[in-house]
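Summary of structural features
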Amino acid sequence: MKKLIIYLLLSIGFVTMIMPFAWMLITSFKMPSEIQQWPPKWYTKNFFSSRQVKVKTKIGAVRTLKGISLSEALSFTSSKMEDNILSISVEDDPFYRGTMTLNIKGFDYTDRLSKEEFEKWLKNVSIPIQLDYDTPEEFFEEVFLYFKSGSKPYFNRLSYFSELDNKFNSVLSAIDLILRFVDRRIKDENEREIFSNFLSKLKEDIVLINEKAKIYKAGKYLVLEDNEIKEIYNLLSSLNLNYTRENSLIKIFESKVVDVINYEKELLNFYLKVYKYFKNIQNKKVESFIVAKVMSKDEKIKLLKENIKKINNPLLEKLLENDEIENLPEKFSKEVDSYFVNEYNINTAQLNSLKSVVVGYKNLLIEKGIGYIDILKKYGFEKLKFISDEKLRNSSTYRIFLAKVESISSKISSIDDFLSEFILFTDYVDEVRRIYNNSMNEWKIIEAPEFVKSVRVKNGEVIEIELSGVSPVYLSDNNLSVASLKFSLIEVFKNIFQNYVDAWHAAPFGRYYLNTVFVATATTILEVILASMAAYAFSWMNFPGRNLIFGIFLATMMVPGEVLLVPNFITVSKFGWIDTYYALIIPWIVSVFAIFLMRQHFLAIPRELFDASKIDGCSHWKFLWRIVVPLSKPVIITGALLKFVGSWNGFLWVLIVTNSDKYRTLPVGLQNFSSDVGTLYNQLMAAATFSILPVILLFLFTQQYFVRGIARTGLK
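Here is what the cut-offs are and how they apply
Residues numbered from 1 in each chain as written. Predicted model: local features only at pLDDT ≥ 70, side-chain atom pairs only at ≥ 80, totals over all residues. Heavy atoms only, no water. UniProt positions renumbered as here; feature names shortened; annotations may be inferred. Helix = DSSP H or I, 4+ residues; strand = E, 2+ residues; numbered from the N terminus. Rg over C-alpha atoms; globule rule 2.2 N^0.38 Å. Buried < 20%, exposed > 50% of the residue type's maximum accessible area, 1.4 Å probe, protein only. Contact = heavy atoms within 4.5 Å. Areas by Shrake-Rupley, 256 points an atom, 1.4 Å probe, with all protein chains shown as cover. Lys, Arg positive; Asp, Glu negative; His and termini not counted. Charge placed at Lys NZ, Arg CZ, Asp CG, Glu CD. Expected span 1.5 Å × (residues − 1). Arc of directions from axis to C-beta. Phe/Tyr/Trp six-rings, centres within 6.5 Å; stacked < 30°, edge-to-face > 60°. Lys NZ or Arg CZ within 6 Å of the ring centre and 35° of its normal. Axes fitted to C-alpha atoms, helices over the stretch in contact; angles between N-to-C directions. Parallel < 35°, antiparallel > 145°, perpendicular 65-115°, else oblique. Left-handed = near helix turned anticlockwise from the far one by under 90°. Nonpolar A, V, L, I, M, F, W, Y, C, P; charged D, E, K, R; others polar. Patch = residues over 30% accessible without salt bridge, like charges linked within 9 Å, V, L, I, M, F, W, Y side chains within 5 Å. Salt bridge = Lys/Arg side-chain N within 4 Å of Asp/Glu carboxyl O. Bend = angle between axes of the 7 residues up to and from the residue. Pairing = 2+ DSSP bridges. Core = buried A, V, L, I, M, F, W, Y, C linked by side-chain atoms within 4.5 Å. pLDDT = per-residue confidence, 0-100.

Under an unreviewed UniProt entry, the protein chain has the name ATPase and belongs to Thermosipho melanesiensis. Here is the UniProt Subcellular location (unreviewed entry) comment for the protein chain, exactly as written: "Cell membrane". The UniProt entry for the protein chain carries the following comment under Sequence similarities (unreviewed entry): "Belongs to the binding-protein-dependent transport system permease family."

And the structure:
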């Protein structure tokens, strides 16, 4: 019975100790949304072979430019947008592989609407908002962005009812104000009574309608649904604002009450008319699903090479010949920079400062619809400048561009040729980046409607459907809310360890590993050597004040390590060791605890061995390394293991004395996953797992020495 109780207590203790490590391991496999789940679960969707992902169709392009270099950013033209992309935002945890199915079968759509038919319909519609469009598709896109799909949509549920409530309160205040002036301004008693009754009745109706409208303040979606918009319009339309009689307060009533409510009705009516017409022209139905599978790396590279051949550029061809595919846009951008630096004798700083103003200038040209590419290729920059002077003379961006060009014109012999070539090359860089990103994110189409040209998944956050002959806006109103994913066994395995891959690439962990191994190994070896010699001196050599000095050594163990941070930092900085390996190693190669541990074990070694070695002519130095150290292997390994683990886990000192990733270690690298915004716990746990793995393996291989060393220390 006693044994059973002991085993039970040991089992409980083991489970209690292992639980935090098990939870850390499970957390390292979880998706971001699963971290905050309550109650917490001991599994993750990454273990499953299928998954449903919440998605939402977006109008307009959604850009995902992660990891762009400074050189690329300076030449990035933000105004260029692809108008044939149906963007689908992933409103869920990101995904990177698998077979994806988008159920768009039965969705309504149409081919591009004729401009004549659209203009005919538009003649009978009053447009209450400012719109900038050239085609029917752009008109619909502008309307839907304004009312429902933009960053701040008009029909955002919370903000809309807040504004509507303000408008009703404003109208009610205006009615109260008019009622106060009825007796003074209207002389006819009969008119006074009729108008007062009309206003009082209208006030009651507005209060009632305001209360009815508030029912829709709570809803399933953040943006009002079309049937809710129609109900609100019907409520507003039920108000009797038509007062046919004349009096001196009618104009105030119309401006402060009627116009406010009528404008709101006009907005609602305009949207409902546009949406009704939009649905009526969608006379076709999608006949199949979109099914796509992630491509292998080799397939993506092959596709990239095929697409990149369309760009005729010698610098790019040179990179492709050398098979430099990895980070191609950045490499191409650097090649372009080197070309201009060498060809036109301009320094890198001047080139970079010029890039930003050139990109601003190009964006202006695109906005004004100036075809700068054809002009530059046929006539050169001089002709482009002549056109720009006419159309952009009032733009501050253009004036800044001219001032910058003038400041460097004296340093470049053929400034016009330079600018012509430079503007075209920034376009090449942008095009290379676009092709590279599209190719690296391309998925292989297994099944799709004929108008689907390609499918891309960018960073697991945005699905892009490239369409041919059909405008994306005609598919954007359909209720696509879920993307179905299926994973093979190998893909499930990759999903499970995706956090480890992301964590490894989130910071230079390869460098951190090398630094940690080097620093921990160096401090451990040096400490073992110095501690062994000091312990031998305190245990086997007789000299004045030996016990006193050893007592002072032990007393230093009572001083908290934090107290020593400031003097140690000052000392290290005086030596000029900040951000060097010296600062990470030298201050920690002596440990009083290690000296104490070894001394106690050295004292247990029989004195007869020393006497015998002296007879054989052995010195203290030889006796230490040939007799004492081999006999003390368990204790030395114990001290070394404790030091190695302590050095491996060192955080505060490393954080203080290092400024760059070149010298930082793993514990400091873990802080990359925490910021003011929050902590990426799944990636942090993954990084912590592969950080402590070497230490765990080391302990497993040396545990017998560790136990023996602790057990025998101090025994005679």
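That was the structure; now back to the text.
1. Section: the overall build of the protein chain
Check the secondary structure of the protein chain and you find 29 helices and ten strands. Computed over C-alpha atoms, the radius of gyration of the protein chain comes to 38 Å, more than 25% over the 27 Å expected from 2.2 N^0.38 for 716 residues, which places it beyond the range of a compact globule. On the principal axes, the C-alpha backbone points of the protein chain span a range of 130 × 80 × 55 Å. Scored against the burial criterion, the 716 residues of the protein chain give a buried share of 44%. Considering only contacts within the protein chain whose residues lie at least 6 apart along the sequence, 77% involve residues at least 24 apart. Of the roughly 39100 Å² of accessible surface on the protein chain, 58% is carried by carbon and sulfur atoms. Charge centroids of the protein chain, computed over 88 positive and 80 negative side chains, lie 9 Å from each other.

2. A few points about helix α25 (residues 620-631)
One full turn of an α-helix is made of 3.6 residues, so residues set three or four places apart face in the same direction. Under the 1.5 Å per step criterion, the end-to-end length of α25 is 15 Å for twelve residues, consistent within 8% with the ideal 16 Å. Every buried residue belonging to α25 is among F623, L624, V628 and V629, and all of these are buried. Projected onto a plane normal to the axis of α25, the buried residues spread over an arc of 145 degrees and lie on a single side. Those residues of α25 hidden inside the fold are in contact with α19 (509-540), α23 (592-602), α24 (607-615) and α26 (633-648).

3. Considerations on unusual backbone geometry
The phi torsion at N459 lies on the positive side, around 55 degrees, for a residue other than glycine. Among the secondary structure elements, N459 is positioned in the loop between β8 (452-458) and β9 (462-467). Residue classification places N459 among the partly exposed positions, given a relative accessible area of 28%.

4. Description of the UniProt feature "transmembrane region" (unreviewed entry) in the protein chain
Annotation from UniProt places "transmembrane region" (unreviewed entry) at residues 7-26, 512-536, 548-569, 581-598, 635-656 and 680-702. Helix makes up 100% of residues 512-536 and strand 0%, with an end-to-end C-alpha separation of 36 Å. The span residues 680-702 carries 96% helix and 0% strand; its end-to-end C-alpha distance comes to 34 Å.

5. Looking at the packing of aromatic side chains
With the rule as written, the count across this model stands at 75 aromatic pairs. With a centroid separation of 6.0 Å and 15 degrees between ring planes, the pair formed by Y271 and Y275 is classed as stacked. Of this pair, Y271 and Y275 both sit in helix α8 (residues 250-280), four residues apart, roughly one helical turn. We classify Y271 as buried; its relative accessible area is 1%. Residue classification places Y275 among the buried residues on the basis of a relative accessible area of 19%. The side chain of K383 reaches across the aromatic face of Y379, ending 5.9 Å from its centre.

6. Structural notes on the packing of helix α7 (residues 226-237) against α8
In the contact formed by α7 and α8, the axes pass within 10 Å of each other and the chain directions differ by 140 degrees. Taken together, the axes of α7 and α8 are oblique relative to one another. Classified by chirality, the crossing of α8 by α7 is left-handed. Only E264, K265, L268, N269, Y271, L272 and Y275 of α8 make contact with α7, whose side of the interface consists of D226, I229, K230, I232, Y233, L236 and S237. A class-by-class count of the residues in the contact of α7 with α8 yields eight nonpolar, two polar and four charged.

7. Thoughts on a nonpolar patch on the surface
A cluster of nonpolar side chains, namely M1, L4, I5, L8, L9 and I12, defines an oily patch on the protein surface of about 670 Å² accessible area. Relative to the elements of secondary structure, L4 occurs in helix α1 (residues 2-27).

8. Overview of α1
Counted at 1.5 Å a residue, the expected span for α1 with its 26 residues is 38 Å, and the 37 Å between its end C-alpha atoms agrees. Roughly 35 degrees is the biggest bend found in α1, and it falls at M19, with proline P20 one to four residues downstream. For α1, the complete set of buried residues consists of M24, I26 and T27.

9. Examining the sheet that holds strand β6 (residues 290-294)
Spatial strand order, β1-β2-β9-β8-β7-β6-β3-β10: eight strands in a closed barrel with antiparallel pairing. Ignoring strand direction, the axes of neighbouring strands in this sheet form an average angle of 30 degrees. Judged from the five bridges that link them, strand β1 (residues 50-58) and strand β10 (residues 482-486) form a sheet pairing that is antiparallel. The residue of β10 that forms the bridge with V53 is A483.

10. Things to note about the pairing of strand β7 (residues 442-447)
Here β6 runs beside β7; their pairing, made up of four bridges, is antiparallel. From the neighbouring strand, K293 faces β7, where its bridge partner is K444. Bridge analysis of β7 against β8 gives two bridges, and the strand direction is antiparallel. Across the sheet, the residue bridging to W443 is V455, located in β8. The turn joining β7 and β8, which pair antiparallel and follow one another in sequence, is formed by four residues.

11. Digging into the pattern of salt bridges
Throughout the structure, instances matching the rule amount to 27 salt bridges. Taking the shortest distance from any N to any O, the salt bridge between K362 and D427 comes out at 2.7 Å. Taken together, the positions of K362 in helix α12 (residues 348-367) and D427 in helix α16 (residues 415-440) put the pair 65 residues apart, joining distant regions of the chain. An identical accessibility class is assigned to K362 and D427; each is buried. Within this structure, E442, K453, R456, K458, E464 and E466 form a network of salt bridges that share partners.

12. Focus on the nonpolar core
Counting residues in hydrophobic clusters, the biggest one holds 112 residues, and the most contacted among them are M100, F140 and I463. Tallying contributions element by element places α8 first for this core, with 14 residues. With residues up to four places along the chain from it excluded, the contact list for I463 reads V55, L86, S87, I88, V90, F95, M100, L102, R456, V457 and A483. One finds V357, L376, Y398 and I423 within the second-largest nonpolar core, a separate group that totals 44 residues.

13. What about the confidence of the model for the protein chain?
Confidence in the prediction of the protein chain, expressed as mean pLDDT, is 85, and 95% of residues score 70 or more. Low pLDDT, under 50, characterises residues 67-75; the stretch is placed with 20 contacts to residues that sit more than four places away or in other chains.

14. Details of a negative patch on the surface
A cluster of acidic residues, D83, D132, D134 and E138, forms a negative patch at the surface. Looking at the secondary structure, you find D132 in the loop between α3 (115-122) and α4 (136-149).

15. Remarks on the pairing of β9
Successive side chains on a regular strand alternate, one facing one side of the sheet and the next facing the other. For β9, the tally of buried residues reaches six of six residues, placing the bulk of the element in the interior. What you see with β9 is no split at all: V462, E464 and E466 on one side and I463, I465 and L467 on the other are buried throughout. Pairing of β8 with β9, which is carried by six bridges, proceeds in the antiparallel orientation. Paired with V455 across the two strands is I465, which belongs to β9. Taking the residues that link successive antiparallel strands as the turn, the β8-β9 hairpin has three residues, and the phi of N459 there is positive, at about 55 degrees.

16. Quick notes on the environment of S674
Checked against the element boundaries, S674 lands in the loop between α28 (666-669) and α29 (681-712). The spatial distance from the C-alpha of S674 to the C-alpha of L684 is 8.2 Å, given a sequence separation of ten residues.

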